[in-house]
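The residues making up each chain are set out below.
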Amino acid sequence: GLERHLEGPYAPLDGAVELHLFEGGYLGLSHVEGGRINLALVVTKAALARHDRDPDVLLRCALAGNPAVARVLDGRARVDGPWKSVGPLRFGARRPAAAGALFVGDAAGTVDPFCGEGMSHALVAAALAAPAALRAAASGGLSAHDAGAYTRSWRRCFLSVTRRNRAIGRVLESPRGSRIGLGVLARSPAWVVPWIVRSTRTGPRTAGGPS
């Protein structure tokens, strides 16, 4: 995962997030605080290696033929120094509880960033974990019962949506898969895209808490 901020604003991004696909990853663009543009890349190690392990080279080459990206990047200065990075990323569900600890957010399972649900997952999981965490603090340790109960609650809330988003992510990672998938969506009834977007979300009805 790679990120930097650019000078903004850029009118087409008002109230929107743009996702641009390329071989081995995707680029996300959105407005953030201070009138800046957030530029975030999720890219495979192999794709980055093909471009001299340099995100700037990757941007110039992998997205050279994308006029929508060029309109954002051309002439805009970076405003926050070098690239920020995290990784390698491993998407999917992990163990929500182990060794006397409860895990929330990416520690319990990393959801694909394109769905924009990472912070929501962390907050909802924290609400699920809070009762057990308070009992553990009062008693001096996490009981096996509370660890098991939290694990079951976490899996009911997040397991299916995390796996569903990972399946969509695999389609987006493949140029052929993304072309086929976008072609199918273009010919689908109007309700299909909103339904897919809703299917990537974890809401209060599933979580039993805030979203």
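Our structure's up above, just so we're on the same page.
Before going into details, it helps to say that this report is about the structure given with it.

The rules behind these values
Residues numbered from 1 in each chain as written. Predicted model: local features only at pLDDT ≥ 70, side-chain atom pairs only at ≥ 80, totals over all residues. Heavy atoms only, no water. Helix = DSSP H or I, 4+ residues; strand = E, 2+ residues; numbered from the N terminus. Buried < 20%, exposed > 50% of the residue type's maximum accessible area, 1.4 Å probe, protein only. Contact = heavy atoms within 4.5 Å. Lys, Arg positive; Asp, Glu negative; His and termini not counted. Charge placed at Lys NZ, Arg CZ, Asp CG, Glu CD. Core = buried A, V, L, I, M, F, W, Y, C linked by side-chain atoms within 4.5 Å. Polar contact = N/O pair within 3.5 Å; in protein donor to acceptor, adjacent residues only side chain to side chain. Pairing = 2+ DSSP bridges. Axes fitted to C-alpha atoms, helices over the stretch in contact; angles between N-to-C directions. 1 Å grid on protein atoms, 1.4 Å probe; cavity = no way out; pocket = protein on both sides within 12 Å on 5 of 7 lines; lining within 4 Å. Points joined across faces, edges and corners; volume = space filled by probe spheres on them. Nonpolar A, V, L, I, M, F, W, Y, C, P; charged D, E, K, R; others polar.

### Focus: the overall build of the protein
- A count of helical and extended segments in the protein gives eight helices and nine strands.
- Summarising its shape, the C-alpha atoms of the protein cover approximately 60 × 45 × 35 Å along the three principal directions.
- The 211 residues of the protein split such that 38% are buried.
- Of the contacts made within the protein by residues no fewer than 6 positions apart, 61% connect residues no fewer than 24 positions apart.
- If the 27 positive side-chain charges of the protein are averaged to one point and the 16 negative ones to another, these points end up 11 Å apart.

### Some words on the nonpolar core
- Residues Phe22, Leu27, Leu29, Ile37, Leu39, Leu41 and Leu59 are the most contacted members of the largest nonpolar core, which totals 19 residues.
- Counting residues per element, the ones that place at least two in this core are β1 (2-6), β3 (25-32), β4 (36-43), α1 (45-50), α2 (55-62) and α3 (67-73).
- Apart from the residues lying within four places of it in its own chain, the contact partners of Leu59 are Leu27, Leu39, Leu41, Ala64, Leu73 and Trp83.
- Core analysis: the next-biggest nonpolar cluster, separate from the first, contains ten residues, Ala97, Ala108, Ala129 and Tyr150 among them.

### Examining α2
- Regarding α2, the residues found buried are Pro55, Val57, Leu58 and Leu59.
- Tucked into the core, α2 has its buried residues touching β1, β2 (17-22), β3, β4, α1 and α3.
- Between the side-chain oxygen of the N-cap and the backbone nitrogen of Asp56 there are 2.8 Å, and the N-cap of α2 in question is Asp54.

### Focus: the pairing of β1
- By the criterion of burial, β1 is predominantly enclosed, with four of the five residues buried.
- Bridge count between β1 and β4: five bridges; the pairing is antiparallel. Residue pairing for β4: Glu3 is matched across the bridge by Ala40.
- Across two bridges, β1 lies against strand β5 (residues 84-85) in antiparallel orientation. Following the sheet pairing, Leu2 is matched in β5 by Ser85.

### Points about the sheet that holds β3
- The strand order across the open sheet built from five strands is β2-β3-β4-β1-β5, with neighbouring strands paired in antiparallel fashion. Because the sheet does not close on itself, it has two edges, and the strands there are β2 and β5.
- α2 contacts β1, β2, β3 and β4 of the sheet and is inclined by roughly 90° relative to β4.

### What about empty space enclosed by the protein?
- Under the defined criterion, the tally for this structure stands at one cavity of 30 Å³ or more.
- There is about 30 Å³ of room inside the largest cavity.
- Gly105, Gly109, His121, Ala125, Trp154 and Phe158 are the residues that line the largest cavity.
- For the lining of the largest cavity, the secondary structure elements donating two or more residues are α4 (118-139) and α5 (144-173).
- A per-class count over the lining of the largest cavity returns three nonpolar, three polar and no charged.

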